[in-house]
Amino acid sequence: MVNKDAYIRLRDELLPHGVTLVAVSKTRPAEEIMELYNLGHRDFGENYVQELCAKAAELPPDIRWHYIGHLQTNKVKLIVPFVQLIHGVDSLKLLKEIDKQAARTGRTVDCLLQVFIAQEETKFGLDEKELEELWKTLETAPLPHICVRGLMGMASFTEDPGTVRSEFSRLRAIFQKYPFSGAEPGILSMGMSNDYRVAVEEGSTLVRVGSLLFGAREKKG
Ligand SMILES: *Cc1c(COP(=O)(O)O)cnc(C)c1O
């Protein structure tokens with residue numbers, strides 16, 4: 001069930017900071033997305049390709065779909081024709097495939113590079129050194145159908161707010177080192193339901209919030 005009050009509170013809280021709210025609708029039915037859509041919301045995040053494609057086909061075309069999951073190379077072509085922003089790109093191989101598919105559809109696709117900031121082993125993303133190398137490669141051999149707009153990261157799953165804050169703060173420092181392309185300022189995608197406040201305080205420009213708006217998800221996702 002959509003918590004409309006939570007949505008309006010969150011929207012009004014983020015507005016003065018100019019922070020974009022991506023409503024993470026993974027595992028939630030189309031009707032719930034429409035409830036937020038009817039309140040004027042347009043940015044939605046999904047992390048399963050099949051689910052994203054099914055929803056995009058059925059829901060209004062002015063929804064801006066954010067892909068926030070770990071994207072497999074063989075699925076790139078399914079989302080490239082319509083996706084607004086791909087958040088979790090962490091390899092040159094993936095960038096090249098997005099560029100190739102974007103060229104075929106005549107689009108330029110906005111991407112964020114995912115940086116590993118958490119303590120857990122399981123999180124995807126580039127470390128600082130890998131990011132630096134990838135950036136250099138892109139400078140020498142640009143991919144014309146890709147626009148790298150900024151960075152995305154996830155903090156550790158921990159109750160310790162100090163750890164989360166220092167991870168977000170580190171990501172912001174890394175973010176500020178790079179001149180991201182695009183007409184608008186760069187995008188720093190960090191913060192979820194339980195840490196978005198700290199993320200905004202540490203300079204996030206986009207938060208990805210699911211359970212706060214839609215309630216807790218069942219196991220998947
Ligand atoms: C599921 C997910 C979110 C949203 O998480 P909540 O805790 O429900 O707000 C944000 N980012 C990514 C990458 C996710 O997979």
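Residues numbered from 1 in each chain as written. Predicted model: local features only at pLDDT ≥ 70, side-chain atom pairs only at ≥ 80, totals over all residues. Heavy atoms only, no water.

Digging into the pattern of salt bridges
In the structure shown here, the tally under the stated rule is 15 salt bridges. For Arg149, the salt bridge identified is with Asp110, shortest N-O distance 3.1 Å. Of the two residues, Arg149 is situated in strand S6 (residues 146-152) and Asp110 in strand S5 (residues 109-114); the sequence distance between them amounts to 39 residues. What you see here is one network of salt bridges that share partners, running through Glu46, Glu51 and Lys55. (Salt bridge = Lys/Arg side-chain N within 4 Å of Asp/Glu carboxyl O. Helix = DSSP H or I, 4+ residues; strand = E, 2+ residues; numbered from the N terminus.)

A closer look at the nonpolar core
By size, the foremost hydrophobic cluster in this structure holds 62 residues, and its most contacted members are Leu71, Ile86, Leu95, Ile98, Leu113 and Leu151. By residue number, the principal contributor to this core is helix H7 (residues 161-175), which donates 5 residues. Within the second largest apolar cluster, 6 residues are counted, among which are Leu85, Leu112, Met152 and Ile187. (Core = buried A, V, L, I, M, F, W, Y, C linked by side-chain atoms within 4.5 Å. Buried < 20%, exposed > 50% of the residue type's maximum accessible area, 1.4 Å probe, protein only.)

Quick notes on helix H1 (residues 4-14)
Inspection of H1 places Ala6, Tyr7, Leu10 and Leu14 among the buried residues, and these make up the whole buried set. Along the long axis of H1, the arc covered by the buried residues comes to 100 degrees, so they all point the same way. More than 90 degrees from the buried face of H1, the exposed residues found are Asp5 and Arg9. Buried residues along H1 sit in contact with strand S1 (20-24), helix H2 (30-37), helix H8 (196-201), strand S8 (206-209) and helix H9 (211-214). (Arc of directions from axis to C-beta. Contact = heavy atoms within 4.5 Å.)

With respect to the site of the ligand
Of all residues adjacent to the ligand, which total 13 residues, the nearest are Lys26, Ser193, Gly210, Ser211 and Arg217. Backbone polar atom of Gly210 to an oxygen atom of the ligand: 2.8 Å apart, as the coordinates give it. Coverage of the ligand by the protein chains reaches 91% of its 390 Å² of free accessible surface. When grouped by side-chain class, the residues that make up the shell around the ligand number 6 nonpolar, 4 polar and 3 charged. (Near = heavy atom within 4 Å. Polar contact = N/O pair within 3.5 Å; in protein donor to acceptor, adjacent residues only side chain to side chain. Areas by Shrake-Rupley, 256 points an atom, 1.4 Å probe, with all protein chains shown as cover. Nonpolar A, V, L, I, M, F, W, Y, C, P; charged D, E, K, R; others polar.)

Structural notes on unusual backbone geometry
When glycine is set aside, most residues are seen to have a negative phi, and most peptide bonds are trans. Residue Thr27 is not a glycine yet carries a positive backbone phi of 70 degrees. Along the polypeptide, Thr27 turns up in the loop between S1 and H2.

Observations regarding the layout of surface pockets
Space inside the second largest pocket adds up to approximately 250 Å³. Lining the second largest pocket are 14 residues, and of these Thr20, Arg149, Glu184, Ile187 and Leu206 lie nearest its centre. Classifying every residue of the lining of the second largest pocket by side-chain character gives 4 nonpolar, 5 polar and 5 charged. (1 Å grid on protein atoms, 1.4 Å probe; cavity = no way out; pocket = protein on both sides within 12 Å on 5 of 7 lines; lining within 4 Å. Points joined across faces, edges and corners; volume = space filled by probe spheres on them.)

Regarding the environment of Glu97
Considering the arrangement of structural elements, one finds Glu97 in helix H5 (residues 92-105). We classify Glu97 as buried; its relative accessible area is 15%. With 22 residues separating them in the primary sequence, Glu97 and Lys75 have C-alpha atoms 9.7 Å apart. Sequence-distant contacts of Glu97, defined by excluding residues within four places in its chain, comprise Thr73 and Val76. For Glu97, the side chain forms a polar contact with the side chain of Gln101, separated by 2.8 Å.

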